[in-house]
Amino acid sequence: MQTFVPKIEGRIRRWVLVDAQGLVLGRLATEIAKVLRGKDQADYCPWQDGGSDVVVVNAAHVRLTGKKRTDKEFHYHTGFPGGIKTIKTGHMLEGRFPERALKLAVQRMMPRGPLGRQQMSRLHVYAASEHPHGGQTPKVLDIASRNPKNARAI
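The paragraphs below set out a description of the structure included in this document. (Residues numbered from 1 in each chain as written. Predicted model: local features only at pLDDT ≥ 70, side-chain atom pairs only at ≥ 80, totals over all residues. Heavy atoms only, no water.)

## Some details on the sheet that holds strand 6 (residues 139-140)
Link 1 in the chain: Here 4 strands make up an open sheet; going across it, the order is 5-2-1-6 and the pairing parallel. Of all the strands in the sheet, just strand 5 (123-125) and strand 6 have a single pairing partner and so form its edges.
Link 2 in the chain: Where strand 1 (residues 15-19) meets strand 6, 2 bridges bridge the pair, whose relative direction is parallel. Paired with leucine 17 across the bridge in strand 6 is valine 140.
Link 3 in the chain: Strands in contact with helix 1 (residues 25-37) are strand 1, strand 2 (53-57) and strand 5; relative to strand 2, the strand with the most contacts, it is inclined by about 155 degrees. (Pairing = 2+ DSSP bridges. Helix = DSSP H or I, 4+ residues; strand = E, 2+ residues; numbered from the N terminus. Contact = heavy atoms within 4.5 Å. Axes fitted to C-alpha atoms, helices over the stretch in contact; angles between N-to-C directions.)

Given below as structure tokens:
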């Protein structure tokens, strides 16, 4: 018996549209990471890039449970000595680029290295409901209906 390895060359990539309005940030990020990696498909291989392109709209309206809006922190470095900075999740969601919170949550669930960077390049996150990917006719993925906890009211 031989192991089946799918060919990547002939694969047609799907486009998926996710509306993040009212969804819990971490639960949404896990579902997006599964689709980006290709774990939702029958011919998944962990060492191949077989996932789909994901378009996320309304990323500024994700929900955080508990005290994560005031207590959870993201750290980044400016590149200068002693240049570590900290930003609270609430400030990030209310700031200039609210889609960064979702992008960072998904990025930390992806593999590190060239494969993870290649898969992350197919994630398109927008803070508002408009997106420029209408020509690809993305299929709507309803994450809220999969589990009642995904769209929990706080």
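Alright, that's what it looks like, and here's the rest.
## Describing the pairing of strand 2
Link 1 in the chain: With 5 of its 5 residues buried, strand 2 lies for the most part within the structure.
Link 2 in the chain: Going residue by residue along strand 2, you find Asp53, Val55 and Val57 tucked away on one face and Val54 and Val56 tucked away on the opposite face as well.
Link 3 in the chain: Examined bridge by bridge, strand 1 and strand 2 share 5 bridges and lie parallel to one another. Residue pairing across strands places leucine 17 opposite valine 55, the latter belonging to strand 2.
Link 4 in the chain: As for the winding sense of the linkage, the β-α-β connection from strand 1 through helix 1 to strand 2 is right-handed.
Link 5 in the chain: Direction of pairing for strand 2 relative to strand 5: parallel, over a ladder of 3 bridges. Of the residues in strand 5, the one forming a bridge with valine 54 is leucine 123. (Buried < 20%, exposed > 50% of the residue type's maximum accessible area, 1.4 Å probe, protein only. Right-handed = clockwise from strand over helix to strand, strands pointing away.)

## Some thoughts on the environment of alanine 29
Link 1 in the chain: Here alanine 29 shows up in helix 1.
Link 2 in the chain: Spatially, the C-alpha atoms of alanine 29 and threonine 3 are 31 Å apart, while their sequence positions differ by 26 residues.
Link 3 in the chain: In this structure, alanine 29 is in contact with Leu102, Ala105, Val106 and Met109, ignoring residues within four places of it in sequence.

## Quick look at the pattern of salt bridges
Link 1 in the chain: A complete count under the given rule lists 8 salt bridges for this structure.
Link 2 in the chain: Across the pair glutamate 94 and arginine 69 runs a salt bridge whose closest N-O atoms are separated by 3.9 Å. Taken as a pair, glutamate 94 in helix 3 (residues 89-94) and arginine 69 in helix 2 (residues 68-71) lie far apart in primary sequence, 25 residues in all.
Link 3 in the chain: The exposure class of glutamate 94 is exposed, given its relative accessible area of 60%.
Link 4 in the chain: Among the ionic contacts, a cluster of salt bridges with common partners joins Arg13, Asp49 and Arg122. (Salt bridge = Lys/Arg side-chain N within 4 Å of Asp/Glu carboxyl O.)

## Quick look at the packing of helix 1 against helix 4 (residues 99-107)
Link 1 in the chain: Following both chains from N to C, one finds helix 1 and helix 4 inclined at 55 degrees, their axes separated by 9 Å at the closest point. The pairing of helix 1 with helix 4 is recorded here as oblique in orientation. Here helix 1 runs over helix 4; the crossing is right-handed. Along the contact surface, helix 1 presents Leu25, Leu28, Ala29, Ile32, Ala33 and Leu36, while helix 4 presents Ala101, Leu102, Ala105 and Val106. (Parallel < 35°, antiparallel > 145°, perpendicular 65-115°, else oblique. Left-handed = near helix turned anticlockwise from the far one by under 90°.)

## Thoughts on the nonpolar core
Link 1 in the chain: Leu28, Ile32, Val56, Leu102, Val106 and Leu123 are the most contacted members of the largest nonpolar core, which totals 29 residues.
Link 2 in the chain: Put simply, the parts of the chain that give this core at least two residues each are strand 1, helix 1, strand 2, helix 3, helix 4 and strand 5.
Link 3 in the chain: The element that contributes the greatest number of residues to this core is helix 1, accounting for 7 residues.
Link 4 in the chain: With near-sequence residues (within four places) excluded, leucine 28 lies in contact with Val18, Ala20, Leu23, Val62, Leu102 and Ile143. (Core = buried A, V, L, I, M, F, W, Y, C linked by side-chain atoms within 4.5 Å.)

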